[in-house]
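Breakdown of the fold
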Amino acid sequence: MPRTAAANKPPAKDQPLESTLWKAADALRNNMDAAEYKHVVLGLIFLKYISDAFEDQHAKLMAEEAETGADPEDKDEYTKDGVFFVPPEARWDHLRDNARQPNIGQLIDSAMDAIERTNTSLKDVLSKNYARERLDKRRLGDLIDLLSNITIGDKEAQSRDVLGRVYEYFLSQFASAEGKKGGEFYTPRSIVRLLVEMIEPYKGRVYDPCCGSSGMFVQSVDFIKAHANGNGNGGHSPADISVYGQESNHTTWRLAKMNLAIRGIDGQIAWGDTFHNDKHPDLKADFILANPPFNISDWGGERLADDKRWQYGTPPKGNANFGWVQHMVSKLSPDGVAGFVLANGSMSSNQSGEGEIRKNLVEAGLVDCMVALPGQLFYSTQIPVCLWFLARDRSGKNDLRDRRDEILFIDARNLGHMESRTLKNLSDADIAKIADTYHAWRGEVGAGEFEDVPGFTKAASLDEVRKHGHVLTPGRYVGAAAADEDDEPFDEKMRRLVAQLREQRAEAARLDAEINKNLAELGHGG
C-alpha cells in the first residue's frame with residue numbers, strides 16, 4: 001500500500017482576505033469584461049506589492065543610515081537584497097494621495113514606465129493602459145483605496161505569502177469569469193499540485209513549454225518549501241531549481257513574468273511559439289510540467305513535417321497533441337521525467353497515425369504512468385482529461401525499482417468533489433492517494449509496498465498493454481471495484497425499490513400536470 005493514509009479532510013475553504021478582496025474588487029468592475037479588468041487589477045496588485053516591499057526596505061535603510069551610511073535612495077541597496085527599486089513617482093503613497101485626481105490613469109501609466117526603466121527585468125511586462133478614456137477613473141480611485149488598506153509586500157506579509165495567495169486567487173477567479181478563454185492562462189491548482197507531488201521536482205531544471213501564468217513553477221517552489229524540513233529533499237532550497245518556460249500569448253507571458261517576480265523566482269520565461277520558434281533550443285530539463293492546449297488544429301504542423309523532434313512518428317497536421325508530447329520528450333535529460341495534461345483521446349486515438357506514435361512511445365520504454373482524472377476539473381472545458389508521466393530512464397537508478405516491463409495505471413475518475421454546480425476539485429486526500437500510489441509503485445524509500453487495487457490501480461505488464469493495442473486508458477486495466485457488502489434480503493430490497501419507483505412516477509405525473517396547467521395559463525395549453 002502507499003506510504004501514507006492521508007486523512008480525508010474536507011477541502012480547504014477560501015481564506016477571508018482573498019475572497020473579501022475579490023468581492024470588493026469585482027464590485028468595481030462595472031461592465032468591463034473580466035479579460036480586460038484582469039490586467040487593471042493584477043497590475044495594481046503587482047504595483048502595491050513591490051511598493052510595499054520597497055517601503056519596508058526603505059524604512060530599514062533609514063534606521064541604519066546614521067550608523068552604516070546606507071543610502072535609502074541608492075538602487076543597489078535594494079537590488080542586492082532582491083527588492084525592486086521604486087522611483088518616487090511610482091511609490092504607492094504618491095498614487096494613493098492622488099487617487100481622486102482626474103489624471104490618476106496617467107499617473108499610474110507613468111509609474112509603470114518608471115518601474116520598467118529602473119528594473120530592466122520587468123521591461124515590457126507591466127500594463128500601461130490606465131489612462132484610456134473608457135476606464136472609469138472614479139472606480140480606479142476606489143480600487144486604489146481598497147488596495148491601500150492591505151499590506152502585501154512587507155517582510156511579515158511575505159512570510160505568510162499574502163500576495164501569492166491573493167494573486168493566485170484572483171487568477172483563478174478571472175479564469176472562472178472568462179470561462180473558455182481563462183484556460184489559456186490558468187491551470188487549476190489541484191491539477192498542478194498533483195503533477196508536482198507526483199514527479200517531485202526537488203533539484204534541477206524545470207521546464208514548461210506552454211507555461212501560461214507560470215503556475216507550474218510557483219507550485220514547484222511551494223513544493224520544495226513544504227518539504228524542506230526533514231521530508232527527504234536533502235535540505236534543498238528553492239534556489240536548487242531553475243525554471244525555463246515559453247508562452248506564445250503576449251499578455252499571458254506578462255502575467256507569467258509578474259507571477260514569478262512577486263515570488264522572487266528568477267525564471268527564464270520567453271515569449272514565442274514553442275513549435276516554430278523554440279527559445280530554449282539547447283535545454284535538457286530534469287523535470288517537465290505542462291498543460292498544453294487541447295487538440296489544437298492550427299498549429300502549423302504542415303510546416304514541420306520533417307522536424308527532428310518527431311522521433312516516434314510525425315504528428316497529424318490537424319492535432320498538436322503528439323507534437324507537444326514529442327517536443328517534451330526531446331527536452332528530457334537522461335534522467336528526466338515529465339508530467340503533463342492531455343485530452344483523454346490521446347490515450348486511445350488511432351487517427352492519422354496517433355496510435356502508431358503512442359505505440360512507439362510505449363515500446364521505447366518512455367511511458368511510466370497514466371492517470372485518468374474526473375471530469376469538470378477545468379474552467380475552460382468540460383471534456384475529461386488524463387495525466388501522462390514519461391521517464392527517460394526506468395531501469396532502476398536513483399533508488400527506484402526497475403519498471404521497464406510495466407506501466408502503472410490509475411483510474412481516479414471517482415475522486416474529487418463538486419465545488420460549484422459546474423466545477424469539480426481534488427482534495428488534499430485525493431492528491432495524496434494518487435501520488436502515494438505512484439511513489440510506492442516506483443519503489444521509493446519509505447513509500448510502502450505497492451499492490452493492485454481493483455477499480456483504482458494496476459501495474460500492467462507491457463505484454464498486457466500490447467494485447468490492448470497500446471491503448472493506455474486506465475479503465476481497461478484496473479478492472480471493477482469490489483462490490484460493497486449488501487445484506488438486505490432480496491424480497492425486502494425489491495419491495496423497497498418498487499415502492500420508490502411508484503413514488504417517483506407519482507411525482508413525475510404531478511409535475512407534468514403542474515407544467516400543463518402553467519402552459520394553459522400562458523395560452524399554450526393542449
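The structure we're discussing is the one just above.
This structure is a prediction, so every number in the text was calculated from the model and none was measured. (Residues numbered from 1 in each chain as written. Predicted model: local features only at pLDDT ≥ 70, side-chain atom pairs only at ≥ 80, totals over all residues. Heavy atoms only, no water.)

A few words on the pairing of strand β4 (residues 285-290). For a regular strand, side-chain orientation follows a simple rule: the groups alternate between the two sheet faces. Most of β4 sits out of view: six of its six residues are buried. Where strand β1 (residues 204-208) and β4 come together, two bridges link them in parallel fashion. Looking at the pairing, Y207 lines up with I288 of β4. As paired elements, β4 and strand β5 (residues 332-343) share five bridges and run parallel to each other. Bridge assignment links L289 to a residue of β5, and that residue is G339. Regarding topology, helix α12 (residues 321-331) serves as the crossover connection from β4 to the parallel β5, and that connection is right-handed. (Buried < 20%, exposed > 50% of the residue type's maximum accessible area, 1.4 Å probe, protein only. Helix = DSSP H or I, 4+ residues; strand = E, 2+ residues; numbered from the N terminus. Pairing = 2+ DSSP bridges. Right-handed = clockwise from strand over helix to strand, strands pointing away.)

Let us now look at helix α2 (residues 34-68). The terminal C-alpha atoms of α2 lie 48 Å apart, and with 35 residues this matches the ideal 51 Å at 1.5 Å per residue to within 8%. Remark: G69 follows α2 within two positions and exhibits a positive phi of approximately 80°. (Expected span 1.5 Å × (residues − 1).)

Pairs of aromatic rings are described using the distance from one ring centre to the other and the angle between the two planes. This model, assessed by the stated rule, comprises twelve aromatic pairs. Judged by centre distance (6.2 Å) and plane angle (15°), the ring pair of F340 and W388 falls under stacked. Of this pair, F340 sits in strand β5 while W388 sits in strand β7 (residues 385-391); the two residues are 48 residues apart in sequence, bridging distant segments of the chain. Side by side, F340 and W388 carry an identical accessibility label, which is buried. A connected cluster of aromatic rings, assembled from ring pairs, spans F275, W299, W310 and W324. (Phe/Tyr/Trp six-rings, centres within 6.5 Å; stacked < 30°, edge-to-face > 60°.)

It is worth spelling out the pattern of salt bridges at this point. Applying the stated criterion to the full structure yields 27 salt bridges. Two residues, E89 and R117, come together in a salt bridge whose shortest N-O distance is 3.9 Å. In this pair, E89 sits in the loop between α3 (76-79) and α4 (92-97) while R117 sits in helix α5 (residues 104-118), placing the two residues 28 residues apart along the sequence. A relative accessible area of 34% places E89 in the partly exposed class. Overall, R117 belongs to the exposed group, its relative accessible area being 60%. One salt bridge connects E363 with R466, and the closest N-O pair in it is separated by 2.9 Å. Placement of the pair is E363 in helix α13 (residues 354-363) and R466 in helix α15 (residues 462-467), with a sequence separation of 103 residues. The partly exposed category is assigned to R466, whose relative accessible area is 36%. (Salt bridge = Lys/Arg side-chain N within 4 Å of Asp/Glu carboxyl O.)

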